[in-house]
Amino acid sequence: MVLILTSSGDYSTDCVIDWLKYYQAKFIRLNSEDLIDERFKIFIGQSPGLSITVNDKMVPLHEIKAIWFRKFYFTNTSAFIENFPVGRFRKEKMLAINQQKSILKFIVLSLKDKKWLPRPFDLPLNKPYVVYQALRIGMKIPQTIITNTKEYISSDYEIITKSICDATNVISSSGRRYFGFTSEINSNYIGMIPNTFSPSMIQEKIDKAYELRIFYLCGEIFGMAIFSQSIDQTRVDFRKYNWEKPNRYEPVSVPKELKDKIKLLMNVLKLNTGSLDFIKAKDGNYYFLEINPTGQFGMMEGPCNYPLHKRVAQVLVAMDKG
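Residues numbered from 1 in each chain as written. Predicted model: local features only at pLDDT ≥ 70, side-chain atom pairs only at ≥ 80, totals over all residues. Heavy atoms only, no water.

Caption draft 1: Structural detail: the packing of aromatic side chains. Counted under the stated rule, the structure contains 13 aromatic pairs. A network of ring pairs unites the aromatic residues Phe 69, Phe 72, Tyr 73, Trp 116 and Phe 121 as a single cluster. (Phe/Tyr/Trp six-rings, centres within 6.5 Å; stacked < 30°, edge-to-face > 60°.)

Shown next, in the form of structure tokens:
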């Protein structure tokens, strides 16, 4: 049986499940918010040992052989967490979030001996470490520094700044959410920066021909060009989507040399799947940016005619039977 650890409303999860049904595969879906918003029970005892029940339906843990780990640690999809009183109850809300995360992590650790896609035990990835490993195996990267001091910011080239940690981190305030995007630091803005600041990741801005999104799945590599530089709004970070004039996406062939380095990097990081971001520079070189082990890949399927949801389902079925 395949266990899908995910959150509600995830488009790719829904699509993969459709294919699992097509292949008549046995599976069960467990959303992270089910373990706080729904009626649930986790039993730990002599008999049957460990069991999970959600809305009076028991998850047959003894039958599970393969697990797809897909956005399972998300807490912002929980109605209980989102509707928690704010103000003086801020610490209590954080306690509720941490307790839910402990439950989710317990389930993951209890199933450690199963087959995973991807393995979640070393997640989230440390972004500077991943960039360093890419450099070590011979990939090109933008010149990168992490600093809290203005005098260390180079004026020799154009620069950008991005989050050091997981880009899924969101700041919520007064009912609004603020996302961390990659941003350009131009000469006008540098004058506004104080001499010391919170530690920041600063990189050389690469003059790009296009952005390259790679989906890696157990040795298979699928590439898509994102022509984000053609629109000012998305020129630095394509995630600042322009819904009225969307970026152009096209399938692209990935050179063998880059494929080999991608496979090596994924092996070093012990990842069997993930979404990788590169810049194809105007000088012809490919510059590595980052990896998201549970990142978007559904956005590639339509524009590139890649059967990605089908392939994920096929991999899970093979893991279950193997």
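Caption draft 2: Here's a closer look at the sheet that holds strand β9 (residues 159-162). Taken in spatial order, the 4 strands line up as β8-β13-β9-β12 in an open sheet, and their pairing is antiparallel. A single partner strand is all that each edge strand has here, and the edge strands are β8 (144-149) and β12 (183-185). Ignoring which end each strand starts from, the neighbouring axes of this sheet average 40° apart. Where β9 and strand β13 (residues 196-204) come together, 4 bridges link them in antiparallel fashion. When the sheet's bridge partners are listed, Ile 160 is paired in β13 with Gln 203. (Pairing = 2+ DSSP bridges. Helix = DSSP H or I, 4+ residues; strand = E, 2+ residues; numbered from the N terminus. Axes fitted to C-alpha atoms, helices over the stretch in contact; angles between N-to-C directions.)

Caption draft 3: Broad picture of the sheet that holds strand β17 (residues 273-281). Ordered in space as β16-β15-β14-β17-β18, the 5 strands form an open sheet in which the pairing is antiparallel. Unpaired on one side and paired on the other, β16 (249-251) and β18 (286-292) mark the two borders of the sheet. Strand-to-strand twist of the sheet, defined as the mean angle between neighbouring strand axes without regard to direction, takes the value 25°. Pairing of strand β15 (residues 220-226) with β16 involves 3 bridges; the strand directions are antiparallel. Bridge pairing in β16 places Ile 226 opposite Tyr 249. Its contacts with the sheet place helix α7 (residues 256-268) against β14 (208-217), β15, β17 and β18, and it is angled at close to 140° to β17. (Contact = heavy atoms within 4.5 Å.)

Caption draft 4: Looking closely at the pairing of β17. Across the 9 residues that make up β17, a large majority, 9, are buried. Side-chain alternation along β17 places Thr 273, Ser 275, Asp 277, Ile 279 and Ala 281 on one buried face and Gly 274, Leu 276, Phe 278 and Lys 280 on a second face that is also buried. Strand direction decides the pairing type here: β14 and β17, joined by 9 bridges, are antiparallel. Following the sheet pairing, Glu 211 is matched in β17 by Ile 279. Of the strand pairs in this sheet, β17 and β18 are connected by 6 bridges, and their pairing is antiparallel. (Buried < 20%, exposed > 50% of the residue type's maximum accessible area, 1.4 Å probe, protein only.)

Caption draft 5: Spatial organisation of the environment of Phe 227. Structurally, Phe 227 can be placed in the loop between β15 and β16. Sequence separation between Phe 227 and Lys 208 is 19 residues, and the spatial gap between their C-alpha atoms is 9.2 Å. In contact with Phe 227, not counting residues within four places along its chain, are Ala 209, Tyr 210, Asn 247, Arg 248 and Glu 250.

Caption draft 6: Summary view of unusual backbone geometry. With omega at -15°, the peptide bond leading from Leu 117 into Pro 118 counts as cis. The phi torsion at Asn 55 lies on the positive side, around 50°, for a residue other than glycine. In this structure, Asn 55 sits in the loop between β4 (50-54) and β5 (57-59). Residue class for Asn 55 comes out partly exposed when judged on its relative accessible area of 38%. Non-glycine residue Cys 218 carries a positive phi angle of around 50°. Here Cys 218 lies in the loop between β14 and β15.

Caption draft 7: Local environment of the packing of helix α1 (residues 11-22) against helix α9 (residues 308-321). Contact geometry for α1 and α9: axes closest at 8 Å, N-to-C directions at 60°. Compared by their axis directions, α1 and α9 come out oblique. Along this stretch, α1 crosses α9, giving a crossing that reads as right-handed. Contacts between α1 and α9 pair Tyr 11, Ser 12, Cys 15, Val 16, Trp 19 and Leu 20 from the former with His 309, Lys 310, Val 312, Ala 313, Leu 316 and Val 317 from the latter. Broken down by class, the residue content of the contact of α1 with α9 amounts to 9 nonpolar, 2 polar and 1 charged. (Parallel < 35°, antiparallel > 145°, perpendicular 65-115°, else oblique. Left-handed = near helix turned anticlockwise from the far one by under 90°. Nonpolar A, V, L, I, M, F, W, Y, C, P; charged D, E, K, R; others polar.)

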